[in-house]
Every structure is written in C-alpha cells, then in structure tokens.
Amino acid sequence: MKIDGTRRDDRATELVLSYYAAFNRGDWDGMLATLADDVAHDLNQGARETGREAFAAFLQRMARHYREQLREVVVMTSPDGARAAAEYVVHGEYLVTDPGLPEARGQRYVLPGGAFFEIADGRIRRVSNYYNLGDWTAQVGA
C-alpha cells in the first residue's frame, strides 16, 4: 500500500508517525504542533490531563526523568481517520528519580507499549498511553 496523504486514514497515519518522530528527536514543539489545543492526555495508570499546556509540562517532566526512543512503531487507523492505535517498543534510560517510583541510577529498560488516539481537524484530540508498569519496575530493579 502506498501512503499518498489523500485518504483520511493516510493522513491519520502520517500525523501519528510525525508525533512519534518528533518524540524521538526530542522536538517537544514538533509534538505539540500535532495536538489540538484541548488535547486529552490519559497517562498510563494515572489521571487525564487536558490541554496543550498540560501536555508541554508533562513532556518537561519526562525529559527530566527519562531518556527514551520508541522503535518498531506500528500505526493502525480507522478508515475514516478519526481513530488510530500505535504499538511500539520503548528503549529508555531512567535518569533522575521520578517521585513515587524507584530510585534512578541510570538503569536501562526495554518495554513494549501502545497508545490510542482520537483525531479531528488534522490534530490529535486524545492520546491514551499504556505500558506494563510492573515490567518497567522490575527492569529498573525495584
């Protein structure tokens, strides 16, 4: 299949891939540009945060505590382009202790993860992230 950007599902795939490409570059402005102003962000095993400003604060917290790259990213979309899902493998390093989590000592981890997206008007309106916190905790030696 050729992605040529003319179909709604092609555009949704390109949007999600550009979101992850920006993440892998550490390009927070690029990530934020893919989001709707009122984006809903469902944190893994946490609360929902709403708005691009809250998402920017989340990215800053993550950058302080973790260095991560997402590999083997696979994106699936609904035919109308309104929904997408992604599966990936996180390759990370735990840099600074995140409050409420085990002590950071530069531990490395490899962790499968995934996300669900709602898309409207060419922007991501919701992203819900999932990974196995128990697996991560075991890998960082808690």
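Only a predicted model underlies this, so the values are computations on that prediction, with no experimental measurement involved. (Residues numbered from 1 in each chain as written. Predicted model: local features only at pLDDT ≥ 70, side-chain atom pairs only at ≥ 80, totals over all residues. Heavy atoms only, no water.)

*Asks:* Which parts of the structure should I look at to understand the nonpolar core?
*Replies:* One broad rule of soluble globular proteins: the nonpolar side chains tend to lie buried together. Among the nonpolar cores identified, the biggest contains 34 residues, and Val 16, Tyr 19, Tyr 20, Met 31, Phe 55 and Phe 117 are the most heavily contacted of them. Listed by contribution, the elements that provide at least two residues to this core are α1 (8–25), α2 (28–33), β1 (35–42), α3 (52–65), β3 (66–77), β4 (83–94), β5 (108–120) and β6 (123–131). For this core, the element with the highest residue contribution is α1, accounting for 7 residues. When neighbours within four sequence positions are excluded, Phe 55 is seen to be in contact with Tyr 19, Met 31, Leu 32, Leu 35, Val 39, His 41 and Val 127. (Core = buried A, V, L, I, M, F, W, Y, C linked by side-chain atoms within 4.5 Å. Buried < 20%, exposed > 50% of the residue type's maximum accessible area, 1.4 Å probe, protein only. Helix = DSSP H or I, 4+ residues; strand = E, 2+ residues; numbered from the N terminus. Contact = heavy atoms within 4.5 Å.)

*Asks:* Whenever I open this one, the environment of Tyr 109 confuses me. Can you help?
*Replies:* Secondary-structure assignment places Tyr 109 in strand β5. Placed 15 residues apart in sequence, Tyr 109 and Ile 124 show a C-alpha to C-alpha distance of 28 Å. In this view, Tyr 109 contacts Tyr 66, Glu 68, Val 90, His 91, Gly 92, Glu 93, Tyr 94, Trp 136, Gln 139 and Val 140; residues no more than four positions away in its chain are not counted. In terms of polar contacts, Tyr 109 uses its side chain to reach the side chain of Glu 68, at 2.6 Å. (Polar contact = N/O pair within 3.5 Å; in protein donor to acceptor, adjacent residues only side chain to side chain.)

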